[in-house]
Amino acid sequence: VGSDYSKKIAIRNSKILKHQITVIPTCVDYYELGKKEYNKTDPIIKFGWVGSDNNLFYLDQIIDDLNETSQSHNIELIVISKNGYQPDKNLNLKIKNVQWDINKEVENILKIDIGLMPLNDALLDKGKCGFKLIQYMGLGIVSIASGIGVNSKIIQDKHNGFLVNENNWFDVLKEVISKKENFQNIGEAARKSIQSSYSFDSNTGKFLKLLRQQDE
């Protein structure tokens, strides 16, 4: 399973024993595919979100905060999805939709300066495995995420990313923007975290150990 929360659910609702299940997170392998290089002279800060159309509603939760932030800062929102994001309200915030393409996955995600992962405090969301964060951070991108479920494990707040608790997105958005000069360092810390715990290489041993246990 992809998280400790999912492991608890699986054990509680099945006959699976603890030694028969292990946590292996969703992994990426971006070592040779590129990493974020921040341009400190670029006047526009590009927030971004990548995901399926079914999850675009998560952006509705923070769109007002982003719009308010755009009143005092030069920002835009990049949305990487199949059909794009069209909020049902008039906004001053500039939104750029990018067609999702597996062959341009890394190229498109690298257009983002700050990756976003808003969630609800709901059972389904607690079981998510943080793949957006793993993608952003694996490429050295600064990220902001709701402090729910595995997000709180992937991000060490204010070190390799930023966590939002109690829906104070607006305050955290402003705080992160104020750290622009340090984006490269935060992104490097994020990339190291993913390489050490959320890469294929770092999890191969756990997978093989589980398989050997089943043969014993």
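Before reading further, recall that the structure is shown in the block above.
Colleague: Teacher, can you tell me more about unusual backbone geometry here?
Modeller: In terms of backbone geometry, most residues other than glycine have negative phi values and most peptide bonds are trans. Located in the positive-phi region is Lys158, a residue other than glycine, with phi close to 70°. Take Lys158: it is sitting in the loop between helix H7 (151–154) and strand E6 (162–164).

Colleague: Looking at this model, I keep getting lost on the layout of surface pockets. Mind explaining?
Modeller: Empty space among the atoms can be located by rolling a probe the size of a water molecule over them. For the largest pocket, the calculated volume is near 210 Å³. Considering the residues around the largest pocket, the lining is formed by 16 residues, among which Val23, Pro25, Val150, Lys153 and Tyr198 are closest to the centre. Residue assignment for the lining of the largest pocket shows that the elements contributing at least two residues are helix H1 (4–12), helix H9 (183–197) and helix H10 (200–215). Top contributing element to the lining of the largest pocket by residue count: H10, with three residues. Looking at the lining of the largest pocket residue by residue, the classes come out as five nonpolar, seven polar and four charged. Approximately 170 Å³ is the volume found for the second largest pocket. Considering the residues around the second largest pocket, the lining is formed by 15 residues, among which Asn55, Met117, Lys128, Phe131 and Lys132 are closest to the centre. Of all the elements in the fold, those that place two or more residues in the lining of the second largest pocket are strand E1 (45–50) and helix H6 (131–138). Each residue belonging to the lining of the second largest pocket can be placed in one class, and the counts come to eight nonpolar, five polar and two charged.

Colleague: Would you mind showing me how to read the packing of aromatic side chains here?
Modeller: The relation between two aromatic rings is expressed through the spacing of the ring centres and the mutual angle of the planes. Throughout the structure, instances matching the rule amount to two aromatic pairs. The lysine or arginine in question, Lys36, covers the ring of Tyr38, its NZ or CZ lying 5.4 Å from the ring centre.

Colleague: Help me understand the pattern of salt bridges, please; the structure alone is not making it clear to me.
Modeller: For side chains of opposite charge, pairing can occur when their charged atoms come near one another. Counting across every chain of the model gives ten salt bridges. Linking Lys126 and Asp121 is a salt bridge whose minimum nitrogen-to-oxygen distance equals 3.7 Å. On the basis of relative accessibility, which here comes to 30%, the residue Lys126 falls in the partly exposed class. Residue class for Asp121 comes out exposed when judged on its relative accessible area of 63%. Salt bridges linked by common partners bring Asp157, Lys158 and Glu175 together as one network.

What counts and what doesn't
Residues numbered from 1 in each chain as written. Predicted model: local features only at pLDDT ≥ 70, side-chain atom pairs only at ≥ 80, totals over all residues. Heavy atoms only, no water. Helix = DSSP H or I, 4+ residues; strand = E, 2+ residues; numbered from the N terminus. 1 Å grid on protein atoms, 1.4 Å probe; cavity = no way out; pocket = protein on both sides within 12 Å on 5 of 7 lines; lining within 4 Å. Points joined across faces, edges and corners; volume = space filled by probe spheres on them. Nonpolar A, V, L, I, M, F, W, Y, C, P; charged D, E, K, R; others polar. Phe/Tyr/Trp six-rings, centres within 6.5 Å; stacked < 30°, edge-to-face > 60°. Lys NZ or Arg CZ within 6 Å of the ring centre and 35° of its normal. Salt bridge = Lys/Arg side-chain N within 4 Å of Asp/Glu carboxyl O. Buried < 20%, exposed > 50% of the residue type's maximum accessible area, 1.4 Å probe, protein only.

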